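Architecture and fold: a report
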Amino acid sequence: MVEHYPNYQDFNDLVELINNSENDFDLQLVQKAYLLARSAHKDQRRVSGVPYILHPTSVACILVQMGMDTESVVAALLHDVVEDTDVEVFVLVIHVTRC
């Protein structure tokens, strides 16, 4: 059973917003950042019981709606990874670099 949290947006919502946006996004980079964030926040939940990953995906959705770029969306997805998980900045940079 898939849980639904009406006040949050998930990765599918993010992809839909990106696909319907007039801006060009590097969807591969966004997906790479999402997968790292999802893995890092794997079992974390907010106090309300909502899976933690829905917070960064919701923030990323807001930024797409505001017309922000790929880098901003990636930053939204990763903004709590270093603070709230064991992933270090170095690993983050290596993982999402375009090189």
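Refer to the structure presented above.
As the structure is a computational prediction, the values presented were derived from the model and not from experiment.

What counts and what doesn't
Residues numbered from 1 in each chain as written. Predicted model: local features only at pLDDT ≥ 70, side-chain atom pairs only at ≥ 80, totals over all residues. Heavy atoms only, no water. Patch = residues over 30% accessible without salt bridge, like charges linked within 9 Å, V, L, I, M, F, W, Y side chains within 5 Å. Areas by Shrake-Rupley, 256 points an atom, 1.4 Å probe, with all protein chains shown as cover. Salt bridge = Lys/Arg side-chain N within 4 Å of Asp/Glu carboxyl O. Helix = DSSP H or I, 4+ residues; strand = E, 2+ residues; numbered from the N terminus. Phe/Tyr/Trp six-rings, centres within 6.5 Å; stacked < 30°, edge-to-face > 60°. Buried < 20%, exposed > 50% of the residue type's maximum accessible area, 1.4 Å probe, protein only. Expected span 1.5 Å × (residues − 1). Arc of directions from axis to C-beta.

Some remarks on a nonpolar patch on the surface
A cluster of nonpolar side chains, namely Ile 62, Met 66 and Met 68, defines an oily patch on the protein surface of about 290 Å² accessible area. Structurally, Met 68 can be placed in the loop between helix H3 (54–65) and helix H4 (70–78).

A look at the packing of aromatic side chains
Using the criterion set out here, one finds one aromatic pair in the structure. Judged by centre distance (4.1 Å) and plane angle (15°), the rings of Phe 11 and Tyr 34 are stacked. Here Phe 11 is found in helix H1 (residues 11–19), whereas its partner Tyr 34 is found in helix H2 (residues 27–40), with 23 residues between them in sequence. Classification of Phe 11 by relative accessible area gives buried; the value is 12%. Judged by its relative accessible area of 11%, Tyr 34 is buried.

Regarding H2
Over its 14 residues, H2 extends 20 Å from the first C-alpha to the last, a length consistent with the 20 Å expected when each residue adds 1.5 Å. Where H2 is concerned, the buried positions are Leu 29, Val 30, Ala 33, Tyr 34, Leu 36, Ala 37 and Ala 40. Each buried residue of H2 sits inside an arc of 165° when the element is viewed along its axis, so together they form one side.

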